[in-house]
Amino acid sequence: MALLSGIKEADFLFLQRESELTKGNLSTHLARLEEAGYVEIEKTYREKTPLTIIRLTAQGQKAFREYRKRMGRLLTI
């Protein structure tokens, strides 16, 4: 969520590289975020290579902003 909050969209490999998660672990996290309505996942192709694009939904952006506010209040205690 943090990686996606600052950009319009990202591909799966970028998120994997930046998060240092395994493919399976990242896939599981993304599936749960998609089920919650926080991310949108688009599977397409770049030339003949599969490409998975992930973007935060409006609901995901709102949830992440609220999470940051709550964490900020906790950290100032």
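Scroll up a little and you will see the structure.
Structure report, in brief. (Residues numbered from 1 in each chain as written. Predicted model: local features only at pLDDT ≥ 70, side-chain atom pairs only at ≥ 80, totals over all residues. Heavy atoms only, no water.)

### What to know about a positive patch on the surface
Part 1 of the reasoning: A cluster of like positive charges, contributed by Lys62, Arg65, Lys69, Arg70 and Arg73, occupies part of the molecular surface.
Part 2 of the reasoning: The topology assignment puts lysine 62 in helix H4 (residues 58-75). (Patch = residues over 30% accessible without salt bridge, like charges linked within 9 Å, V, L, I, M, F, W, Y side chains within 5 Å. Areas by Shrake-Rupley, 256 points an atom, 1.4 Å probe, with all protein chains shown as cover. Salt bridge = Lys/Arg side-chain N within 4 Å of Asp/Glu carboxyl O. Lys, Arg positive; Asp, Glu negative; His and termini not counted. Charge placed at Lys NZ, Arg CZ, Asp CG, Glu CD. Helix = DSSP H or I, 4+ residues; strand = E, 2+ residues; numbered from the N terminus.)

### So, the pattern of salt bridges
Part 1 of the reasoning: Under the defined criterion, the tally for this structure stands at three salt bridges.
Part 2 of the reasoning: With a closest N to O distance of 2.6 Å, arginine 55 and glutamate 40 form a salt bridge. Pair noted here: arginine 55 is in strand E3 (residues 49-56) and glutamate 40 is in strand E2 (residues 39-46), with a separation of 15 residues, a long-range link.
Part 3 of the reasoning: Taking relative accessible area as the criterion, arginine 55 reaches 18% and is therefore assigned buried.
Part 4 of the reasoning: Accessibility expressed as a relative area gives 39% for glutamate 40, which makes it partly exposed.
Part 5 of the reasoning: Salt-bridge contacts for arginine 55 lead to glutamate 42; the nearest nitrogen and oxygen are separated by 3.0 Å. One end of the pair, arginine 55, is in strand E3; the other, glutamate 42, is in strand E2, and 13 residues separate them in sequence.
Part 6 of the reasoning: The class for glutamate 42 is partly exposed, based on a relative accessible area of 35%.
Part 7 of the reasoning: Here the salt bridges share partners, and the residues they tie into one network are Glu9, Glu40, Glu42 and Arg55. (Buried < 20%, exposed > 50% of the residue type's maximum accessible area, 1.4 Å probe, protein only.)

### With respect to the sheet that holds E2
Part 1 of the reasoning: Taken in spatial order, the three strands line up as E1-E3-E2 in an open sheet, and their pairing is antiparallel. Two strands close off the open sheet at either side, each with one partner strand: strand E1 (10-11) and E2.
Part 2 of the reasoning: Examined bridge by bridge, E2 and E3 share eight bridges and lie antiparallel to one another. Residue pairing for E3: glutamate 40 is matched across the bridge by arginine 55. (Pairing = 2+ DSSP bridges.)

Interpretation in functional terms is not warranted from these geometric data alone.
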